[in-house]
Amino acid sequence: QVQLVESGGGLVQPGGSLRLSCAASGSIFRIYTMGWYRQAPGKQRELVAAITSGGSTNYADSVKGRFTISRDNAKNTVYLQMNSLKPEDTAVYYCNAPDLVNGLGSVYDYWGQGTQVTVSS
C-alpha cells in the first residue's frame, strides 16, 4: 500500500511564505516524477510544478520566480517552497506521483489527500 501525505498548508498573509511537504510511504521501488497540483473553488485542477528524479523541473507560468520545487529521493519526499504568495494562490494543493513503481513492479498514478493554502489578510 502506497500513500502520499502532504503537510505544511495553512493561512498566510499576502507576500508571505509557506513550505509544503509530501512524503511517499509504503512498498515503493522507484518514483520518477513528483509534482504539485492545485484546485481553487470552481476551477479545474492545474499543475503548479513538477520535478523528475534527475532534478529537472517545470513550473506553471503563474508561479515562476515565486515557487521552488525540490525533492529528497532518499526520503521519497517532495517540497514546494512558496514565496511572495498572492490571494490567487489560494487553493487545495495536491501532491502527485504519476509514474510511481511499487514493490511489485507495477506503475500507478498516486495522489495525496490535499492540503489547504489560504492567502488572505
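A short tour of the structure in this document, coming up. Note that this is a predicted model, so its numbers are computed, not measured.

**Remarks on the packing of aromatic side chains**
Right, on to step 1. For the coordinates displayed, the defined rule picks out two aromatic pairs.
Right, on to step 2. Consider the rings of tyrosine 108 and tyrosine 110, whose centres lie 6.1 Å apart with planes at 70 degrees: the pair is edge-to-face.
Right, on to step 3. The buried category is assigned to tyrosine 110, whose relative accessible area is 17%.
Right, on to step 4. For the cation-ring pair, arginine 19 lies above tyrosine 79, with the distance from its terminal atom to the ring centre recorded as 4.1 Å.

**Let's talk about the state of the cysteines**
Right, on to step 1. Summed over the entire model, instances satisfying the criterion amount to one disulfide.
Right, on to step 2. Each sulfur of the disulfide joining cysteine 22 and cysteine 95 lies 2.1 Å from the other. The S-S bond linking cysteine 22 to cysteine 95 shows a torsion near -80 degrees; that makes this disulfide left-handed. Of the two residues, cysteine 22 sits in strand E3 (residues 18-25) while cysteine 95 sits in strand E10 (residues 91-102), which places them 73 residues apart along the sequence. This pair shows no difference in class: cysteine 22 is buried, exactly as cysteine 95 is.

**Some details on the sheet that holds strand E9 (residues 77-82)**
Right, on to step 1. Ordered in space as E1-E3-E9-E8, the four strands form an open sheet in which the pairing is antiparallel. Strands at the two margins of the open sheet, each flanked by one partner only, are strand E1 (3-7) and strand E8 (67-72). When strand polarity is set aside, the average angle formed by the axes of neighbouring strands in this sheet is 15 degrees.
Right, on to step 2. Where E1 and E3 come together, five bridges link them in antiparallel fashion. Considered in E3, the bridge of glutamate 6 is made with cysteine 22.

**Let's talk about the pairing of strand E11 (residues 107-111)**
On any regular strand, side chains alternate: one points to one face of the sheet, the next to the other face.
Right, on to step 1. The pairing of E10 with E11 spans four bridges and is classified as antiparallel. Note that in E11 the partner of leucine 100 across the bridge is tyrosine 108.
Right, on to step 2. In this antiparallel pair of consecutive strands, E10 and E11, the connection spans four residues, and glycine 105 shows a positive phi of 90 degrees.

**A few points about the environment of glutamine 13**
Right, on to step 1. Examined against the element boundaries, glutamine 13 turns out to sit in the loop between strand E2 (10-12) and E3.
Right, on to step 2. The class for glutamine 13 is exposed, based on a relative accessible area of 54%.
Right, on to step 3. Along the backbone, glutamine 13 and isoleucine 51 are 38 residues apart, and their C-alpha atoms lie at a distance of 27 Å.
Right, on to step 4. Not counting residues up to four positions away in its chain, the partners in contact with glutamine 13 are Val119 and Ser120.

Rules and cut-offs
Residues numbered from 1 in each chain as written. Predicted model: local features only at pLDDT ≥ 70, side-chain atom pairs only at ≥ 80, totals over all residues. Heavy atoms only, no water. Phe/Tyr/Trp six-rings, centres within 6.5 Å; stacked < 30°, edge-to-face > 60°. Buried < 20%, exposed > 50% of the residue type's maximum accessible area, 1.4 Å probe, protein only. Lys NZ or Arg CZ within 6 Å of the ring centre and 35° of its normal. Disulfide = S-S within 2.5 Å. Helix = DSSP H or I, 4+ residues; strand = E, 2+ residues; numbered from the N terminus. Pairing = 2+ DSSP bridges. Axes fitted to C-alpha atoms, helices over the stretch in contact; angles between N-to-C directions. Contact = heavy atoms within 4.5 Å.

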